[in-house]
Amino acid sequence: LAASKVLIVYAHQSPSSFSAAAKDAAVEVLKSENCTVEVSDLYAMNFKATATAEDITGEVKNADHFCYAEETKLAWEDGRLCADITEEQRKLNEADLIIFQFPMYWFSVPAILKGWFDRVLTLGFAYTQDKRYSQGIFENKKAMLSFTTGSQETMFSPNGINGDMNVTLWPLQNGILHYCGFQVLAPQIFWDPVLAPLERRNSMLEAWRTRLQGLLKEQPLSFTPMCCFDSEKGFQLRPEALEKHANGEFGLTVGIHLGKPLPPNNQMKAGV
Ligand SMILES: Cc1cc2nc3c(=O)[nH]c(=O)nc-3n(C[C@H](O)[C@H](O)[C@H](O)COP(=O)(O)OP(=O)(O)OC[C@H]3O[C@@H](n4cnc5c(N)ncnc54)[C@H](O)[C@@H]3O)c2cc1C
Ligand SMILES: *[C@@H]1O[C@H](CO)[C@@H](O)[C@H](O)[C@H]1NC(C)=O
Ligand SMILES: *[C@@H]1O[C@H](CO)[C@@H](O)[C@H](O)[C@H]1NC(C)=O
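The rules behind each value
Residues numbered from 1 in each chain as written. Chains lettered and ligands numbered in written order. Predicted model: local features only at pLDDT ≥ 70, side-chain atom pairs only at ≥ 80, totals over all residues. Heavy atoms only, no water. UniProt positions renumbered as here; feature names shortened; annotations may be inferred. Helix = DSSP H or I, 4+ residues; strand = E, 2+ residues; numbered from the N terminus. Buried < 20%, exposed > 50% of the residue type's maximum accessible area, 1.4 Å probe, protein only. Contact = heavy atoms within 4.5 Å. Near = heavy atom within 4 Å. Polar contact = N/O pair within 3.5 Å; in protein donor to acceptor, adjacent residues only side chain to side chain. Areas by Shrake-Rupley, 256 points an atom, 1.4 Å probe, with all protein chains shown as cover. Nonpolar A, V, L, I, M, F, W, Y, C, P; charged D, E, K, R; others polar. Pairing = 2+ DSSP bridges. Right-handed = clockwise from strand over helix to strand, strands pointing away. 1 Å grid on protein atoms, 1.4 Å probe; cavity = no way out; pocket = protein on both sides within 12 Å on 5 of 7 lines; lining within 4 Å. Points joined across faces, edges and corners; volume = space filled by probe spheres on them. Expected span 1.5 Å × (residues − 1). Axes fitted to C-alpha atoms, helices over the stretch in contact; angles between N-to-C directions. Parallel < 35°, antiparallel > 145°, perpendicular 65-115°, else oblique.

- The protein chain carries the name Ribosyldihydronicotinamide dehydrogenase [quinone] in an unreviewed UniProt entry, which gives Periophthalmus magnuspinnatus as its organism.
- Per its UniProt entry, the protein chain bears the Function (unreviewed entry) comment "The enzyme apparently serves as a quinone reductase in connection with conjugation reactions of hydroquinones involved in detoxification pathways as well as in biosynthetic processes such as the vitamin K-dependent gamma-carboxylation of glutamate residues in prothrombin synthesis."

Put into structure tokens, the structure is as follows:
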């Protein structure tokens, strides 16, 4: 894994933000680890967030009923996707690890980063009907979320007012990253830097710098492999897999919980 290439997709408006400091720490530490680091600074790039027909150069197949996924698939095959998407796809292709650095917005990502997911992870390029999840296109790449919150950690605990952070992470980590095949590394969460005293802000950044040194050697989170689901039965868990877990204490993952308690730390820690 020597000389890995890292892409940081960064979504904060201000270079003096805590998010910027987290991004800068990643650039510095990963470079000192001899990684090649590229940053997509989405606001600085004025990155377009909306998935529209303008993302395609030349004729679209069906202008009366424009379907983004199908049209971008054709455009991708013909090299007719617009320049900013093509450039992000090049960066993604070259990267071994992608870090998404952002402030949490509405339990999710800022619109500009959602736009990056919507527009860069196109059908054909990032996923197909056959190539998804554990058989996904980016199975040899790693990806992770690194984000700041306005909430305290206790608010996102299983009995906190916002509910369990593992649940909040499932759509992003399973529905986007793992869907495209990425091995998903545990998230890096900077809890509430706005109210944190300087000392805690500094120690959060220091912990991040330490983690970054071993990041590429980390084991990814576990997801249920594609082979456990039957495509003939609407991709439901196969009876064998159901039986195997029937007496288990926990569900398989946050989403595929089989009506049982959630497996502990399922979206937070590797190999559990
Ligand atoms: C539209 C919207 C939706 C939101 N939705 C949610 C939500 O659903 N859930 C939730 O929890 N929060 C939510 N928030 C809050 C948001 O997530 C936080 O405000 C944000 O994550 C804080 O991170 P920041 O990088 O912007 O911090 P900043 O405000 O930029 O920084 C915090 C502090 O760190 C300091 N700092 C900067 N650099 C350094 C450094 N190098 N070392 C030490 N200190 C430094 C800054 O000066 C500042 O004092 C939302 C906010 C918005 C605008
Ligand atoms: C990075 O590369 C330099 C020069 O090749 C080498 O001396 C150094 O040990 C490398 N550092 C790491 C962390 O691999
Ligand atoms: C999810 O993650 C948190 C860490 O924030 C952990 O403490 C919590 O108990 C987890 N929930 C479950 C069901 O594991």
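Looking at unusual backbone geometry
Link 1 in the chain: Notably, leucine 258 is not glycine yet its phi reads approximately 55°, a positive angle.
Link 2 in the chain: Turning to its location among the elements, leucine 258 is positioned in the segment after helix H7 (239-246).
Link 3 in the chain: In this structure leucine 258 comes out as partly exposed when scored by relative accessible area, which is 31%.
Link 4 in the chain: At asparagine 265, a position not held by glycine, the phi torsion is positive, near 55°.
Link 5 in the chain: Within the fold, asparagine 265 resides in the segment after H7.

Notes on the UniProt feature "domain: Flavodoxin-like fold" (unreviewed entry) in the protein chain
Link 1 in the chain: UniProt records the feature "domain: Flavodoxin-like fold" (unreviewed entry) at residues 4-211, using the numbering of this structure.
Link 2 in the chain: Split by type, residues 4-211 is 36% helix and 15% strand. Its first and last C-alpha atoms lie 16 Å apart.

Description of the environment of threonine 57
Link 1 in the chain: With respect to the element layout, threonine 57 can be found in the loop between strand S2 (36-41) and helix H2 (68-77).
Link 2 in the chain: A sequence separation of 54 residues divides threonine 57 from alanine 111, and the C-alpha atoms of the two residues are 24 Å apart.
Link 3 in the chain: Setting aside chain neighbours within four positions, we find threonine 57 in contact with Arg80, Leu81 and Cys82.

Observations regarding the site of ligand 3
Link 1 in the chain: Contacts to ligand 3 come from Pro158, Asp164, Asn166, Leu262, Pro263, Pro264, Asn265 and Met268.
Link 2 in the chain: Asparagine 166 is positioned with one of its side-chain polar atoms (N or O) 2.4 Å from an oxygen atom of ligand 3.
Link 3 in the chain: One of the backbone nitrogen or oxygen atoms of asparagine 265 is found 2.5 Å away from an oxygen atom of ligand 3.
Link 4 in the chain: Protein chains shield 71% of the accessible area of ligand 3, which is 360 Å² for the free molecule.
Link 5 in the chain: For the shell around ligand 3, a count of residues per class yields 5 nonpolar, 2 polar and 1 charged.

Structural notes on the pairing of strand S3 (residues 97-103)
A regular strand places its side chains on the two faces of the sheet in alternate fashion.
Link 1 in the chain: With 7 of its 7 residues buried, S3 lies for the most part within the structure.
Link 2 in the chain: Side-chain alternation along S3 places Leu97, Ile99, Gln101 and Pro103 on one buried face and Ile98, Phe100 and Phe102 on a second face that is also buried.
Link 3 in the chain: Looking at chain direction, strand S1 (residues 5-10) and S3 are connected through 5 bridges and run parallel. Directly across from isoleucine 8, in S3, lies its bridge partner isoleucine 99.

Thoughts on the pairing of S1
Link 1 in the chain: Counting buried residues in S1 gives 5 out of 6 residues, a clear majority hidden from the surface.
Link 2 in the chain: Where S1 and S2 come together, 6 bridges link them in parallel fashion. Bridge pairing links valine 6 to valine 37 in S2.
Link 3 in the chain: Regarding the hand of the β-α-β motif, the stretch spanning S1, helix H1 (residues 18-32) and S2 is right-handed.

Observations concerning the layout of surface pockets
Link 1 in the chain: Roughly 290 Å³ of volume is contained in the largest pocket.
Link 2 in the chain: What lines the largest pocket is a set of 13 residues, and nearest its centre among them are Pro187, Gln188, Ile189, Trp191 and Met268.
Link 3 in the chain: Broken down by secondary-structure element, the contributors of at least two residues to the lining of the largest pocket are strand S6 (188-190) and helix H6 (198-214).
Link 4 in the chain: Here the residues of the lining of the largest pocket sort into 7 nonpolar, 1 polar and 5 charged.

Considering the side chain of asparagine 174
Link 1 in the chain: By the element assignment, asparagine 174 lies in helix H5 (residues 165-177).
Link 2 in the chain: Looking at asparagine 174, the relative accessible area reads 8%, which means it is buried.
Link 3 in the chain: Ignoring any residue separated from it by four or fewer positions in sequence, one finds asparagine 174 in contact with Tyr133, Leu169, Tyr179, Phe223 and Gln267.

What to know about H1
Link 1 in the chain: Compared with an ideal rise of 1.5 Å per residue, which puts 15 residues at 21 Å, H1 spans 21 Å between its outermost C-alpha atoms and is within 8% of the ideal.
Link 2 in the chain: Among all positions in H1, only Phe18, Ser19, Ala20, Ala22, Lys23, Ala25, Ala26, Val27, Val29 and Leu30 are buried.
Link 3 in the chain: Summarising the contacts, the buried residues of H1 are in contact with S1, S2, S3, strand S4 (142-148), S6 and H6.

Remarks on the packing of helix H3 (residues 83-94) against helix H4 (residues 111-120)
Link 1 in the chain: Axis separation between H3 and H4 bottoms out at 10 Å; the angle between their running directions is 85°. The pairing of H3 with H4 is recorded here as roughly perpendicular in orientation. Contacts from Asp84, Ile85, Glu88, Gln89 and Leu92 of H3 reach H4 at Trp116, Arg119 and Val120.
Link 2 in the chain: For the contact of H3 with H4, the per-class residue count stands at 4 nonpolar, 1 polar and 3 charged.

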